[in-house]
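Listed below, chain by chain, are the residues.
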Amino acid sequence: MKILVTGGLGFIGSHTVVALLEKGYDVCIIDNLSNSSIDVLEGIAKITQKIPQFFNFDLRNQEKVEAFFKEHHDLAGVIHFAASKAVGESVENPLLYYENNNNALVYMLKNISQLNQKNFIFSSSCTVYGEADTLPITEGAAIKKAESPYGNTKQIGEDIIRDTCNAVSDLKAISLRYFNPIGAHSSTEIGELPIGTPQNLVPYITQTAIGQRDELSIFGDDYPTEDGTCIRDYIHVVDLAEAHVVALERLLQSEKKASYEVFNLGTGKGSSVKEVVSAFEKVSGQELNHTIAPRRPGDVVAAYADTEKAQDVLGWQTKLTLEDALESAWKWQLKLKEADA
Ligand code: NAD
Ligand code: UD1
């Protein structure tokens, strides 16, 4: 069975490609390398001893998307990771985000009608919940007004898919709302490759520990949490990748003609920024330079997943811990340094 993975050379996509290949699926990747490197293909091949088919083009090119689907009408499923994901950049350049995250999604869905099997998985985000009223956050929690154009593209993306499922009688889709993906593959052949200064906590921590950054700024220690720092649900990217295979199998096995479902993907456990720093120091043996800085605008106080639906319906739950994820992120950072030297 052949599965299309868009954005398959990116952080989460590459780990999912590995999980799919290891399960025996054929994989083809579309990626325009706007936020990834062709070397990732080699990393995937080293881990799996298989080389997925790779197509380098931009999904904003409607004609190319149409031609691709025409030629690959035998695909059994599509996992759509390709998107732009930097919150700050989305504030500065919202149209790039609406075009890349929403127009491209529309082109994909328009052309999925050419496939014999219309199974679609979408990368959504816990950002759709904003500051949730209750914790842990269930899939039924209110969708708050998005804090950024990026967050809005995910809300709109989910709406586009739901409406299309209502209209196309044999389209089956699942939106997966990721909490905070971190870590790297245990082989250190693939991991996260942030371009420029990382905005996310864990790559900032590992770059500080390796000496690329002077110190980590902890954004605010006066939040209403036990230690005053924000709480998030950090999920190992390898667990996250596994969940995509499980979701795909749910679509492939479903007898229903059409359906649309949403699942949270998290560990269910919240960790504060200070807890992440301590856990990192423990697993890496490095003391981390850090300082307390003002709050970052747009940050929610706490977000962690209610994992019951994913457990009950998908039969999936995380296996790896925060420490596992931080250790793998650290090993990946050491490998990058070695490659740089
Ligand atoms: P990433 O940037 O590492 O991967 C995205 C990949 O898509 C990149 O390889 C990029 O080159 C490619 N791409 C982007 N636009 C494209 C286009 N127009 N045509 C073809 N290829 C294109 O990001 P990631 O962290 O792996 O995230 C994957 C998905 O998960 C995204 O949709 C993102 O919004 C979502 N998500 C990520 C996180 C996170 O923290 N990483 C959290 C929640 C949701
Ligand atoms: C961010 C995005 C969110 C996106 C998610 C995954 C914002 C406001 N939200 O979530 O839309 O879906 O990434 O890509 O950008 N922190 C520090 N110092 C740092 C970096 C982070 O203290 O240098 C803190 C943050 O304040 C936060 C926690 O670490 O409390 C996690 O931050 P981050 O990794 O950026 O993820 P989110 O803010 O949860």
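It should be noted that the structure appears before, not after, this text.
The present account deals with the structure reproduced in this document. (Residues numbered from 1 in each chain as written. Chains lettered and ligands numbered in written order. Predicted model: local features only at pLDDT ≥ 70, side-chain atom pairs only at ≥ 80, totals over all residues. Heavy atoms only, no water.)

Side note on the packing of helix H3 (residues 62-71) against helix H5 (residues 94-111)
Viewed as axis vectors pointing N to C, H3 and H5 meet at an angle of 30°, and their least axial separation amounts to 9 Å. With respect to their mutual orientation, H3 and H5 come out roughly parallel. For the pair H3 and H5, the crossing hand works out as right-handed. Judged by residue contacts, Gln62, Val65, Glu66 and Phe69 of H3 engage Tyr107, Met108, Lys110 and Asn111 from H5. (Axes fitted to C-alpha atoms, helices over the stretch in contact; angles between N-to-C directions. Helix = DSSP H or I, 4+ residues; strand = E, 2+ residues; numbered from the N terminus. Parallel < 35°, antiparallel > 145°, perpendicular 65-115°, else oblique. Left-handed = near helix turned anticlockwise from the far one by under 90°. Contact = heavy atoms within 4.5 Å.)

Comments concerning the site of ligand 1
Taken together, 27 residues lie around ligand 1, and Asp31, Asn35, Ser36, Asn100 and Tyr150 are the ones closest in. Note that an oxygen atom of ligand 1 is positioned 2.8 Å from one of the side-chain N or O atoms of Lys85. Considering ligand 1 on its own, with 820 Å² of exposed area, one finds that the protein chains cover 95% of that surface. Within the residue set of the shell around ligand 1, elements represented by two or more residues are helix H1 (11-22), strand E5 (118-125) and helix H6 (149-167). If one sorts the elements of the shell around ligand 1 by residue count, E5 sits on top with three residues. Residue composition of the shell around ligand 1, by class: twelve nonpolar, ten polar and five charged. (Near = heavy atom within 4 Å. Polar contact = N/O pair within 3.5 Å; in protein donor to acceptor, adjacent residues only side chain to side chain. Areas by Shrake-Rupley, 256 points an atom, 1.4 Å probe, with all protein chains shown as cover. Nonpolar A, V, L, I, M, F, W, Y, C, P; charged D, E, K, R; others polar.)

Let's talk about helix H11 (residues 322-340)
The end-to-end C-alpha distance of H11, which contains 19 residues, comes to 27 Å, matching closely the 27 Å that a straight helix rising 1.5 Å per residue would cover. Turning to H11, its buried residues number three or more, namely Leu322, Ala325, Leu326, Ser328, Ala329, Trp330, Trp332 and Gln333. Those residues of H11 hidden inside the fold are in contact with strand E7 (180-182), helix H7 (201-209), strand E10 (234-236), strand E12 (271-272) and helix H9 (273-284). (Expected span 1.5 Å × (residues − 1). Buried < 20%, exposed > 50% of the residue type's maximum accessible area, 1.4 Å probe, protein only.)

As for the nonpolar core
Grouped together as the largest cluster of nonpolar side chains are 39 residues, with contacts concentrated most on Ile3, Leu20, Ile44 and Leu176. With eight residues, helix H8 (residues 237-253) is the single largest residue contributor to this core. If near-sequence neighbours (up to four positions away) are discounted, Leu20 is found in contact with Ile3, Val5, Tyr25, Val27, Ile79, Val245 and Leu248. Of all hydrophobic cores here, the second largest spans 26 residues; its members include Cys28, Ile30, Leu75 and Ala173. (Core = buried A, V, L, I, M, F, W, Y, C linked by side-chain atoms within 4.5 Å.)

As for the sheet that holds strand E6 (residues 171-178)
Ordered in space as E3-E2-E1-E4-E5-E6-E11, the seven strands form an open sheet in which the pairing is parallel. In this open sheet, the two strands that pair with only one neighbour each are strand E3 (53-55) and strand E11 (259-265). Neighbour-to-neighbour, the strand axes of the sheet open up by a mean angle of 20°, direction not taken into account. Two strands pair when backbone bridges link them, and E6 and E11 are joined in this way by seven bridges, in the parallel orientation. What sits directly across from Lys172, in E11, is Ser259. (Pairing = 2+ DSSP bridges.)

Observations concerning the side chain of Thr188
Here Thr188 is to be found in the loop between E7 and H7. For Thr188, the residues in contact, after removing those within four places along its chain, are Lys331, Trp332 and Lys335.

With respect to the side chain of Thr229
As for its position among the elements, Thr229 is in the loop between strand E8 (216-219) and strand E9 (231-232). Taking relative accessible area as the criterion, Thr229 reaches 0% and is therefore assigned buried. Reaching out from Thr229, the side chain makes a polar contact with the side chain of Asp227 at a distance of 2.7 Å. At 3.3 Å, the side chain of Thr229 and the backbone nitrogen of Lys274 are in polar contact.

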